[in-house]
Amino acid sequence: FKINSLAELLCPKDGKQRVKTLVQLAINQTEAGIKDKSKYQSSDVTDLDRIAELSQSYSPESFGDVVELYLVVWGKLQKDPVLTKNFLDSGLMQTELLPVERQKDIKTRIADGYVVLAKEVSGTAKRDAYLMLQTARGLYFDSGIDKEDRRIKGIDTFIHSNFGNK
């Protein structure tokens, strides 16, 4: 709302269009910066969250592409499980704002990320790993994946062999 007010104050005729253009430039710049980075920080999650919010308000047609950036990043993260989880969690929250059909694919990919991450941290952070696996299981179901699918059976097998019947 502050951006709209400022845009109308500065340029009453076409202020909103100018803001939309600036937002699209910010989205494009953030997208290029995120895709080209090799090392990420928690501030990158915050930047993506801000860009997602702006995109949703001023450039809804690009909102899905912004949400996809959370997935680009988690695929590149290797040694920082906390940061990886932050990207997945934020991406999941943003995904809820997408149309249902687009949510299915992204939720499945986020679930895949949780499974990979849970397996990596299961030796040191059992509770977190267990919760991520359960979250992944739920996301697979939300995406329409059948309980007989190999991914869900793999989660069940991993949980039973590593955590018992919790």
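About the thresholds
Residues numbered from 1 in each chain as written. Predicted model: local features only at pLDDT ≥ 70, side-chain atom pairs only at ≥ 80, totals over all residues. Heavy atoms only, no water. Core = buried A, V, L, I, M, F, W, Y, C linked by side-chain atoms within 4.5 Å. Buried < 20%, exposed > 50% of the residue type's maximum accessible area, 1.4 Å probe, protein only. Helix = DSSP H or I, 4+ residues; strand = E, 2+ residues; numbered from the N terminus. Axes fitted to C-alpha atoms, helices over the stretch in contact; angles between N-to-C directions. Parallel < 35°, antiparallel > 145°, perpendicular 65-115°, else oblique. Left-handed = near helix turned anticlockwise from the far one by under 90°. Contact = heavy atoms within 4.5 Å. Nonpolar A, V, L, I, M, F, W, Y, C, P; charged D, E, K, R; others polar. Salt bridge = Lys/Arg side-chain N within 4 Å of Asp/Glu carboxyl O. Polar contact = N/O pair within 3.5 Å; in protein donor to acceptor, adjacent residues only side chain to side chain. pLDDT = per-residue confidence, 0-100. Phe/Tyr/Trp six-rings, centres within 6.5 Å; stacked < 30°, edge-to-face > 60°.

**Some thoughts on the nonpolar core**
- Grouped together as the largest cluster of nonpolar side chains are 44 residues, with contacts concentrated most on Phe 87, Ile 110, Tyr 114, Leu 133, Tyr 140, Ile 155 and Phe 163.
- Broken down by secondary-structure element, the contributors of at least two residues to this core are helix H2 (15-36), helix H3 (42-58), helix H4 (63-76), helix H5 (81-95), helix H6 (100-121), helix H7 (126-142) and helix H8 (150-163).

**Observations concerning the packing of H7 against H8**
- Packing of H7 against H8 leaves a shortest axis separation of 10 Å and a crossing angle of 160 degrees. Judged by the inter-axis angle, H7 sits roughly antiparallel to H8. Regarding H7 and H8, the two cross each other, and that crossing is left-handed. Contacts between H7 and H8 involve Lys 126, Ala 129, Tyr 130, Leu 133, Gln 134, Ala 136, Arg 137, Tyr 140 and Phe 141 from the first element and Arg 151, Ile 152, Ile 155, Asp 156, Phe 158, Ile 159, Asn 162 and Phe 163 from the second.
- Among the residues making up the contact of H7 with H8, the classes are represented as 11 nonpolar, 2 polar and 4 charged.

**Topic: the pattern of salt bridges**
- Applying the stated criterion across every chain yields a total of 14 salt bridges.
- Its salt-bridge partner being Arg 102, residue Glu 68 comes within 3.4 Å of it at the nearest N-O pair. Highlighted residues: Glu 68 in helix H4 and Arg 102 in helix H6, separated in sequence by 34 residues.
- Overall, the relative accessible area of 17% leaves Glu 68 in the buried class.
- The class for Arg 102 is partly exposed, based on a relative accessible area of 31%.

**Examining the packing of H3 against H5**
- As a packed pair, H3 and H5 sit with axes 9 Å apart at the nearest point and diverge in direction by 10 degrees. Considering the angle they form, H3 stands roughly parallel to H5. Judged by residue contacts, Ser 42, Asp 44, Val 45, Leu 48, Asp 49 and Ala 52 of H3 engage Leu 83, Asn 86, Phe 87, Ser 90 and Gln 94 from H5.
- The class makeup of the residues in the contact of H3 with H5 is 5 nonpolar, 4 polar and 2 charged.

**A word on the environment of Val 66**
- Along the chain, the position of Val 66 falls in helix H4.
- Take Val 66: its relative accessible area is 1%, and that puts it in the buried class.
- Taking the C-alpha atoms as reference, Val 66 lies 9.6 Å from Glu 53; in sequence the two are 13 residues apart.
- For Val 66, the contacting residues outside a window of four places in its chain are Ile 27, Leu 48, Ile 51, Ala 52 and Ser 55.

**Some remarks on the side chain of Thr 84**
- Relative to the assigned elements, Thr 84 resides in helix H5.
- Judged by relative accessible area, which is 5%, Thr 84 ranks as buried.
- A distance of 2.9 Å separates a polar side-chain atom of Thr 84 from the backbone oxygen of Asp 80.

**Focus on the confidence of the model for the chain**
- Taken as a whole, the chain shows an average pLDDT of 85; of its residues, 87% reach a score of 70 or greater.
- Averaged pLDDT values over the elements of the chain bottom out at 58 in helix H1 (residues 2-10) and peak at 95 in H7.

**Quick look at the packing of aromatic side chains**
- Counted according to the given criterion, the structure contains 3 aromatic pairs.
- Each ring, one from Tyr 40 and one from Phe 87, has its centre 6.1 Å from the other, and the planes form 75 degrees; the classification is edge-to-face. Within this pair, whereas Tyr 40 is found in the loop between H2 and H3, its partner Phe 87 is found in helix H5, the two being separated by 47 residues in sequence. Each member of the pair, Tyr 40 as well as Phe 87, is classed as buried.
- Ring centres of Tyr 130 and Phe 163 lie 5.7 Å apart, and the angle between their planes is 70 degrees; this geometry places the pair in the edge-to-face category. Of this pair, Tyr 130 sits in helix H7 while Phe 163 sits in helix H8, and the two are 33 residues apart along the sequence.
- For Phe 163, a relative accessible area of 7% corresponds to the buried category.
- These aromatic residues form a ring-pair network of at least three members: Tyr 130, Phe 158 and Phe 163.

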